[in-house]
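# Analysis of the macromolecular model
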Amino acid sequence: MNKNHMNKLTPLEPWIGSKIGLLPGEALTRAALEKYQVHRLNETVDYVKQHSPFYRRHLADHNTPISFEELAGLPFTTPVDIRKNGQHFLCVSQSEIERVVTLQSSGTTAPSKRLYFTVDDLELTVDFFHHGMGTMVQPGQKVLILMPGELPGSVGDLLARGLARLGVEGIIHGLVKNREETLREIENRKIDCLVGLPIQLLGLARHPSAALLEPNRIKSILLSADYAPAAVVKALTNTWNAPVFDHYGMTEMGLGGCVECWHRCGYHLREADLFIEIIDPLTGQRLPDGSVGEVVFTTLTRRGMPLIRYRTGDLARFMAEPCPCGTVLRRMERMRKRIAGAAKLANRELLNITEMDEALFPLPFLLNYQAIISSRNGHDVLTIGIETTGADAAECGDHVRNSLMTLPAIRTAVASEMLRLDPIAPGTYTPSPTIKRTIIDQREESQC
Ligand SMILES: [Zn+2]
């Protein structure tokens, strides 16, 4: 890490201070921030009850003013609510909507989820990208954005607009389709920073041509759109010799939710725009700092389609200890798991894609893999498709099998003959149609 950055406060702190109305130089305090958040929460509840047909019904029994404690009594909003109620979430007329994002659901029959944003809502995201990216890039640098960005209001477009305000050139590349070509573009255009999906970046780092890049070409990396396995962060850090920053967000949050500071030990939250809680996914009770639970958020500044206590399905915890950067902003541990990322095996053991990632991605030849669980003659069958750097096929299959067998869930299920592993061979990998990776469960009745 560059010594100059060692004690650098996250740029989110002064930005949030100015957003909540502090004067330049006035220090941000938790008390001031929480006072602002309670005010905004109440304003948002009043606003959605007035303008959104869904929330008028959903919050009919709840009236403002609401304290922090009373917020925990408001009903959750779920992805199913969004699918079922669509435009009834809207607080403005269709003509004021600048961008609609349609998220396909994993099931083929379920309706898609649609999120609506006004021009002002998109500006909030650009503003967050502008200040958040200040952590890892300097004016004059170039960022290659390995994310979709052709459409106005898409993630790549908003990020490039945020970067321009920093004096940084954001070049929209789109998802990586040909690693060789992408690596050539990095070299030819003298790119300083990469933003992309963890597994796509791993694919670049492990490609033989990565070694041909000018040493220390890449000065920082930002991971986006899916949780990042620790094994992937380690591989990227080692290959590029550059700090790897993680970020957590989702379309529903207005893309960006929180980002790491120079110390890279947990995310700082976009607290002027989002109020984030951690709840017990089974009881729905709010959990104290330090406990792992489901991330739930309420938007504080959105106008088109605000969300109240939206359940993300992601598992994380707040870290009680202060960040070494010294900010008063809260810190959330790097995202570990998604509730939907797990499958229950026939012996009732729970298998999570994140555990498989940590077991498999340390294998230096592995570029990507796909896990499918199916059922055959009363047994579960786990089929792993792998994409490799071209190392010896049979040997790769053996290494993958051995690494999987280090996982207790798999080891016990195989030992009790409830689970079989199909032969594993390279070339059997089909890229996933969704950005968020998961175990594909093809059993007749999902046991998840
Ligand atoms: Zn920090």
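The following refers to the structure shown. (Residues numbered from 1 in each chain as written. Predicted model: local features only at pLDDT ≥ 70, side-chain atom pairs only at ≥ 80, totals over all residues. Heavy atoms only, no water.)

On to the packing of aromatic side chains. Aromatic ring pairs are defined here through the distance separating the ring centres and the angle between the ring planes. Applying the stated criterion across every chain, the model contains ten aromatic pairs. Consider the rings of F54 and F89, whose centres lie 4.2 Å apart with planes at 25°: the pair is stacked. Taken as a pair, F54 in helix α3 (residues 53–58) and F89 in the loop between α5 (79–85) and β1 (97–103) lie far apart in primary sequence, 35 residues in all. Residue F54 shares its accessibility class with F89, and that shared class is buried. Taken together, a centroid distance of 5.6 Å and an interplanar angle of 55° make the contact between F361 and Y369 tilted. (Phe/Tyr/Trp six-rings, centres within 6.5 Å; stacked < 30°, edge-to-face > 60°. Helix = DSSP H or I, 4+ residues; strand = E, 2+ residues; numbered from the N terminus. Buried < 20%, exposed > 50% of the residue type's maximum accessible area, 1.4 Å probe, protein only.)

Further remarks concern the coordination of the zinc ion. Every protein donor of the zinc ion is listed here as C261 (SG), H268 (NE2), C323 (SG) and C325 (SG), and their distances to the metal cover 2.1 to 2.4 Å. Each of the four donor atoms around the zinc ion contributes to a set of angles spanning 104 to 114°, which defines the coordination as tetrahedral. Going along the chain, you hit the donors of the zinc ion in the pattern C-x6-H-x54-C-x1-C. In this pair, H268 is assigned in strand β9 (residues 267–269) and C323 in the loop between β12 (310–316) and β13 (331–332), connecting sequence segments 55 residues apart. (Donors = N, O, S within 2.8 Å, 3.2 Å for Na, K, Ca; no water. Tetrahedral: all angles 85-135°; square planar, octahedral: opposite > 155°, others 65-115°.)

For the rest of this paragraph, the subject is the packing of helix α1 (residues 12–19) against helix α6 (residues 119–133). One can describe the packing of α1 onto α6 by two numbers: an axis separation of 9 Å at closest approach and a directional angle of 145°. Our pair here, α1 against α6, has a crossing hand that is right-handed. Across the interface between the two elements, L12, W15 and K19 from α1 touch L124, D127, F128, H131 and G132 from α6. (Axes fitted to C-alpha atoms, helices over the stretch in contact; angles between N-to-C directions. Left-handed = near helix turned anticlockwise from the far one by under 90°. Contact = heavy atoms within 4.5 Å.)

What follows covers helix α2 (residues 30–51). With 22 residues, α2 extends 31 Å from end C-alpha to end C-alpha; this agrees with the ideal 32 Å at 1.5 Å per step. Taken as a whole, α2 has its buried residues at L33, Y36, Q37, L41, N42, T44, V45, Y47, V48 and K49. Where α2 is buried, its residues contact α1, α3, α4 (68–71), β10 (274–279) and β11 (293–299). (Expected span 1.5 Å × (residues − 1).)

Positionally, P75 belongs in the loop between α4 and α5. If we skip the residues at most four places from it in the chain, P75 touches H58, L59, H62, I308 and R309.

Summarising the element assignment, M133 is placed in helix α6. Placed 28 residues apart in sequence, M133 and R161 show a C-alpha to C-alpha distance of 11 Å. Residues in contact with M133, not counting those within four places in the same chain, are F128, L159, L163, L166, C193, V195 and L222.

In a structure, side chains of opposite charge can pair up when their charged atoms sit close to one another. One pass over the structure, following the stated rule, counts 23 salt bridges. A salt bridge links R217 to D192; its shortest N-O distance comes to 3.5 Å. Highlighted residues: R217 in the loop between α9 (198–205) and β6 (220–223) and D192 in the loop between α8 (179–188) and β5 (193–196), separated in sequence by 25 residues. Each member of the pair, R217 as well as D192, carries the same accessibility label: buried. The closest approach of N and O atoms between R443 and D380, which form a salt bridge, is 3.2 Å. Placement of R443 in the segment after β20 (440–441) and of D380 in strand β18 (residues 379–388) is noted, with a sequence separation of 63 residues between them. Each member of the pair, R443 together with D380, is buried. (Salt bridge = Lys/Arg side-chain N within 4 Å of Asp/Glu carboxyl O.)

Another point: the pairing of strand β2 (residues 113–118). Of all six residues in β2, five are buried, a share of seventy percent or more. The pairing of β1 with β2 spans six bridges and is classified as antiparallel. Each bridged residue has a counterpart across the sheet, and for R99 the counterpart in β2 is F117. (Pairing = 2+ DSSP bridges.)

So, on to the sheet that holds strand β3 (residues 142–145). Across the sheet, which stays open at both edges, the eight strands sit in the order β4-β3-β5-β6-β7-β8-β9-β13 with mixed pairing between neighbours. At either end of the open sheet lies a strand with only one pairing partner, and these are β4 (169–172) and β13. Two strands pair when backbone bridges link them, and β9 and β13 are joined in this way by two bridges, in the antiparallel orientation. Among the inter-strand pairings, H268 is bridged to a residue of β13, identified as R331. Each of β5 and β6 is contacted by α9, which is oriented at about 145° to β6, the strand it contacts most.

This part covers the nonpolar core. In this structure, W240 and M332 are the most contacted members of the largest nonpolar core, which totals 130 residues. Not counting residues within four places of it along the chain, the set of residues in contact with W240 comprises L183, L194, L201, L204, A205, A210, L213, I218 and I221. (Core = buried A, V, L, I, M, F, W, Y, C linked by side-chain atoms within 4.5 Å.)

Spatially, four strands are ordered β19-β18-β17-β20 in an open sheet, and the strand pairing comes out mixed. Every interior strand has two partners, whereas the edge strands, β19 (419–421) and β20, have only one. Pairing analysis gives three bridges linking β18 to β19, with the strands arranged parallel. Opposite L382, over in β19, you have L421 as the bridge partner.

Take it as geometry only, folks, not as evidence of what the structure does.
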